[in-house]
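Inside the fold
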Amino acid sequence: PILLDCFRAGMLKVRSLPNPELSVNRPSSLEGMTSADEIRAIKKIKKHELQNDFDLEVNPNAIIGAFVGRMVYQKGVDAIADAATELLLRHDNLQLIVVGPPGDIFGE
């Protein structure tokens, strides 16, 4: 909690992780981004693009929940399906996105 408060107050800078794979594949839209305000601005743009791409209501106040993976029991997608209706009824500004193949050689 203390680090998050410091980040919000602008006392901490966001740096990339020391992982060569991540730095090679880092989206060019984030290159050089260090301030919280810069990151919030690009997040707002990307959220708008995501909502358009998935034909969701464009709502800057929406909370987006996402599952990306194989849609198989093994990954717990059934739990998301079971909870989705209740979550959407309780939270007016929730948008759920589920992306992935419906099954593959590893499971159904």
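Being a predicted model, the structure only gives us computed values, none of them experimental.

How each quantity is defined
- Residues numbered from 1 in each chain as written.
- Predicted model: local features only at pLDDT ≥ 70, side-chain atom pairs only at ≥ 80, totals over all residues.
- Heavy atoms only, no water.
- Helix = DSSP H or I, 4+ residues; strand = E, 2+ residues; numbered from the N terminus.
- Expected span 1.5 Å × (residues − 1).
- Buried < 20%, exposed > 50% of the residue type's maximum accessible area, 1.4 Å probe, protein only.
- Salt bridge = Lys/Arg side-chain N within 4 Å of Asp/Glu carboxyl O.
- Pairing = 2+ DSSP bridges.
- Right-handed = clockwise from strand over helix to strand, strands pointing away.
- pLDDT = per-residue confidence, 0-100.

Turning our attention to helix α3 (residues 36–53). Taking 1.5 Å of rise per residue, the 18 residues of α3 would be expected to cover 26 Å, and the 25 Å separating its terminal C-alpha atoms lies within 8% of that figure. Among all positions of α3, only A36, I42, K47 and Q51 are buried. After α3 finishes, the residue D55 shows a positive phi value of roughly 55°.

Our focus in this paragraph is the pattern of salt bridges. Summed over all chains, the structure comprises 3 salt bridges. The salt bridge involving D37 is made with R40; its shortest N-O contact spans 3.2 Å. Of the two residues, D37 and R40 both sit in helix α3, 3 residues apart, roughly one turn of that helix. For D37, a relative accessible area of 59% gives the class exposed. Its relative accessible area of 43% is what places R40 among the partly exposed residues. R90 is the partner of E86 in a salt bridge, and the nearest nitrogen-oxygen pair spans 2.8 Å. Taken together, the residues span about one helical turn, with E86 and R90 both in helix α4 (residues 77–90) at a distance of 4 residues. Classification of E86 as partly exposed rests on a relative accessible area of 41%. Classification of R90 by relative accessible area gives exposed; the value is 62%.

With 6 bridges joining them, strand β1 (residues 63–68) and strand β2 (residues 94–99) adopt parallel strand pairing. Note on β2: the bridge partner recorded for A66 is I97. Note on the crossover from β1 through α4 to β2: the handedness is right-handed.

Time to look at the confidence of the model for the protein chain. Mean pLDDT over the protein chain stands at 77; residues scoring 70 or higher make up 64%. Within the protein chain, no element has a lower average pLDDT than helix α2 (residues 20–24), which sits at 53, and none a higher one than β2, at 91.

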